[in-house]
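# Notes for the structure review
Listed below, chain by chain, are the residues.
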Amino acid sequence: MKLITAVIQPDKLDEVREALLAADITRITVSRCTGHGRAQGGVATEELYRGQSVAPNLLPKVRLDIACNDAFVEITVQAILKAARHNGGEIGDGKIFITPLEDCIRIRTGERGSDAI
Amino acid sequence: MFVFRRLPGLAALMVGLSAAVACAQAEVVEPTVVHNDSGITSWMLTSTALVLLMVPGLALFYGGLVRTKNVLGTMMHSFSAMAIIGVLWVICGYSMAFGPSVAGGWFGWSSDYFLLQGIDASELEAGIPEYVFAMFQGKFAIITPALIAGAFAERVRFRGYCVFIALWSIIVYNPLAHWVWASDGFLFNMGAAGAIDFAGGTVVHISSGVSALVCALYLGRRRGYPGTAMQPNNLVLTLLGAGFLWVGWFGFNAGSSVSSNLATAQALTATQAAAAAGGLAWMLIEALHHKKATSLGLASGILAGLVVITPAAGVVTPGGAIVLGFVASIASYLAIQIKNVLGYDDSLDVFGVHGVAGITGALALTFFIRDAWWADAQASSAGWGVMDQLGVQAASVGVTVAYAAVCTIVLVVLVEKLVGFRLSEREEKAGMDHVLHGEHGYGLLNLN
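All residue numbers refer to positions counted from 1 along the written sequence of the respective chain. The lettering of chains begins at A and the numbering of ligands begins at 1, in the order of writing. Only residues with pLDDT of at least 70 are given local features in this predicted model, and only at 80 or more are side-chain atom pairs given and counted; all residues enter the totals for whole chains, interfaces and linings. The side-chain figures draw on all heavy atoms in the structure; neither hydrogens nor water molecules are used.

### Details of the overall build of chain B
- Every helix listed is a DSSP run of H or I at least four residues long, and every strand listed is a run of E at least two residues long, numbered separately from the N terminus. When you go through chain B residue by residue, the secondary structure sums to 15 helices and 2 strands.
- Rg of the C-alpha trace for chain B: 22 Å, near the compact-globule value of 22 Å for 448 residues, within the 12% margin.
- For every residue, the accessible area obtained with a 1.4 Å probe (protein chains only) is divided by the maximum for its type, and the residue is called buried under 20%, exposed over 50%, and partly exposed between those limits. Looking at chain B residue by residue over its 448 residues, the buried ones come to 58%.
- Across chain B, contacts joining residues at least 24 apart in sequence account for 77% of those joining residues at least 6 apart.
- Total accessible area on chain B stands at roughly 16800 Å², and carbon and sulfur atoms take up 69% of it.
- Note that His is not counted, nor are the chain ends; the positive residues are Lys and Arg, and the negative ones are Asp and Glu. Where a charge lies is defined by one atom per residue type: Lys uses NZ, Arg uses CZ, Asp uses CG and Glu uses CD. Positive and negative charge centroids in chain B, built from 19 and 24 side chains respectively, lie 18 Å apart. Note that the radius of gyration is over C-alpha atoms, with the globule rule given as 2.2 Å times the number of residues to the power 0.38. Residue contacts are counted whenever heavy atoms from the two residues lie within 4.5 Å of one another. Reported accessibility uses the Shrake-Rupley method at a 1.4 Å probe radius. Residues are deemed covered only where the shown protein chains occlude them.

Structure representation (structure tokens):
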């Protein structure tokens, strides 16, 4: 089992969500977060404030957490990669982290492991 | 709107002109001096401000109902109307609406009113400076196209929207206002005492409601509608907006008496009674239908009550106003149920509330008119009765519906082909705030 954490641009949330649904990945957790990578000061990050372009230092991002069995890792990653890029790939499009997942428990039934995902 | 007459010779009587010129012109043109009535003027100034308050009220009302990614884009629709129509009204809107009829009565025009240059020292017979009347009317012109925006919320380009409301205001609103409110407009003079549209049931609500339906049908549904939940981002804003609208509506209706007397009080009372009755009715309907009264339902009922009383506020009794409020909420509620069955995406129910309650009010008011009005009508046309007036009301509704629908379909196709109206699929997914305005609505969750 793996835990896939993706940090993406907020405007790509719907596209990523729909791509995941299309790939039959339906169990996801979405949260707001802020942060930056190399994007700081880059063109892609500009916002307008009363007509002046500014580069904010912490940017709003969206974080997706998806727990999945090993067979679904690559499907999930490809769906996110395809949907989260701006114009085929720009600075600030985000990152995907994959970590080993020790256990998973469904609260309703108490099931554990792969079956609970 | 009450009859008013402009006094063209008044400028000549102003202090600062030479006495000789004043005497010569006063004898020839206008022997009576109109005195300013500071009581009426101050109420009309207040009303003008109150009606403007409805526009940010509408921005909050609509803004709260859309998804988070579209909150600013939606509020911009209302706010940009203040900027766009605010300029157009001064340039040509007032002239087209309230100038003498030209083009066979299609609209009005007077070069005196172009840029309002000829009314700098003009006082109306009602006792207010003409500037006050022109600005009061300008607020109605601003809010009307802004109402339409709810029908195509979350899916239009800002540039296309700006062009659309500018053209709609010139081609649809100004002629309609001329027909209904100008003293030489043909609906103003229809039947024994004219088609009754006190504060804009046809001009404002039916025209915007019908145009909204046309736009929603032509531009199509939002992506994912109706299968995907599209929850309001903040109903707190919506309720705040509904409150602003209710308060502002006292200027809208009671101000439309262009006086500060008994007629004003009658309009204010009818407005209050109908709004409350509309809100109460919607709460009861939802309590019966869903076992829960919702805040959005209450706000919608208040709005339906305010819309239905808009054409009627000057002529109906308080009891009639309560009945109209109830009928409006029932009609609007049914209209929204029917919309859900038909599946078209009038996103914020502009037709369901403004169109349906507006038509309901314009027709049903006939049954609740106070006796004094009938006495006046029968004095000018003996035997004038309910069915006669209902015919006049139906004619004014029919004319408005047909004119607004035909002009809007032409305009919306034109704007879509020439400027681009509907957002692309990618842009719609990303949201209007990011794509069109380069901003986001809520910064509170950021850590810095």
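### Here we look at the confidence of the model for chain B
Residues and elements named next belong to chain B.
- Each residue gets a pLDDT score, which is the predictor's confidence in that residue and runs from 0 to 100. Looking at chain B as a whole, its pLDDT mean stands at 90, while 92% of the residues score no less than 70.
- Note that pLDDT drops below 50 for residues 1-29; the model gives that stretch 48 contacts with residues more than four away or on any other chain.
- The ipTM value of the predicted complex is 0.76, and its pTM value is 0.88.

### Here's the deal with the nonpolar core
Residue and element names in this part refer to chain B.
- Buried Ala, Val, Leu, Ile, Met, Phe, Trp, Tyr and Cys residues that are joined via side-chain atoms within 4.5 Å together make up what is termed a nonpolar core. Counting 119 residues, the largest nonpolar core has Phe 152, Phe 164 and Tyr 173 as its most contacted members.
- Looking at this core, the element that brings in the most residues is helix α5 (residues 158-181), giving 12 residues.
- Filtering out sequence-adjacent residues up to four positions away, Tyr 173 remains in contact with Trp 89, Gln 137, Phe 140, Ala 141, Thr 144, Trp 168, Trp 181, Val 203 and Val 204.

### Overview of the environment of Trp168(B)
All names here are of chain B.
- Turning to its location among the elements, Trp 168 is positioned in helix α5.
- The exposure class of Trp 168 is buried, given its relative accessible area of 0%.
- The spatial distance from the C-alpha of Trp 168 to the C-alpha of Ala 404 is 9.1 Å, given a sequence separation of 236 residues.

### Structural notes on the layout of surface pockets
All names here are of chain B.
- Residues are said to line a cavity or pocket when one of their atoms sits within 4 Å of a point; the points come from a 1 Å grid over protein atoms alone, cavities being sets where a 1.4 Å probe fits but cannot get out and pockets being open sets with protein on both sides within 12 Å along at least five of seven lines. Grid points are joined across faces, edges and corners, and a volume is the space filled by probe spheres set on the points. Computed from the structure, the second largest pocket encloses a volume of approximately 860 Å³.
- Lining the second largest pocket are 33 residues, and of these Leu 296, Ile 336, Lys 339, Ser 347 and Asp 349 sit closest to its centre.
- Contributions of two or more residues to the lining of the second largest pocket are made by α2 (38-65), α8 (262-290), α9 (295-309), α10 (318-342) and α11 (350-364).
- The dominant element in the lining of the second largest pocket, judged by the number of residues it contributes, is α10, at 5 residues.
- Three classes are used: nonpolar for Ala, Val, Leu, Ile, Met, Phe, Trp, Tyr, Cys and Pro, charged for Asp, Glu, Lys and Arg, and polar for all others, with Gly counted as polar. Here the residues of the lining of the second largest pocket sort into 16 nonpolar, 10 polar and 7 charged.

### Some words on empty space enclosed by the protein
Residue and element names in this part refer to chain B.
- According to the stated counting rule, one finds 1 cavity of 30 Å³ or more in the structure shown.
- Residue lining of the largest cavity: Met 54, Leu 58, Ile 143, Leu 147, Val 204, His 205, Leu 245, Trp 249, Phe 252, Leu 303 and His 354, and that is the complete set.
- Elements supplying a minimum of two residues to the lining of the largest cavity: α2, α4 (130-148), α6 (201-219) and α7 (235-254).
- Looking at the lining of the largest cavity, the element that brings in the most residues is α7, giving 3 residues.
- A per-class count over the lining of the largest cavity returns 9 nonpolar, 2 polar and no charged.

### Concerning the packing of aromatic side chains
- The criterion for an aromatic pair is that two Phe, Tyr or Trp rings (for Trp, the six-membered ring) have centres within 6.5 Å, with stacked assigned to planes under 30 degrees apart, edge-to-face to planes over 60 apart and tilted to the rest. Tallied over the full model, the rule gives 21 aromatic pairs over all chains.
- Grouping aromatic residues by their ring pairs yields a cluster made of Trp89(B), Tyr94(B), Phe98(B), Tyr113(B), Phe133(B) and Tyr173(B).

### Focus: the packing of helix α3 (residues 71-98) of chain B against α4(B)
Residues and elements named next belong to chain B.
- Axes, fitted as lines to C-alpha atoms, cover a helix only where it is in contact. Angles between the N-to-C directions of the axes lie from 0 to 180 degrees. One can describe the packing of α3 onto α4 by two numbers: an axis separation of 8 Å at closest approach and a directional angle of 130 degrees. In terms of orientation, α3 and α4 fall into the oblique class. Both α3 and α4 take part in a crossing whose hand is right-handed. Across from His 77, Ser 78, Ala 81, Met 82, Ile 85, Gly 86, Trp 89, Val 90, Tyr 94 and Phe 98 in α3, the residues of α4 making contact are Glu 130, Phe 133, Ala 134, Met 135, Gln 137, Gly 138, Ala 141, Ile 142, Pro 145 and Ala 146.
- Its residues assigned to classes, the contact of α3 with α4 shows 14 nonpolar, 5 polar and 1 charged. Small angles under 35 degrees read as roughly parallel and large ones over 145 as roughly antiparallel, with 65 to 115 read as roughly perpendicular and the rest as oblique. Crossing handedness is read from the near helix: turned anticlockwise from the far helix by less than a right angle, it gives a left-handed crossing, and turned clockwise, a right-handed one.

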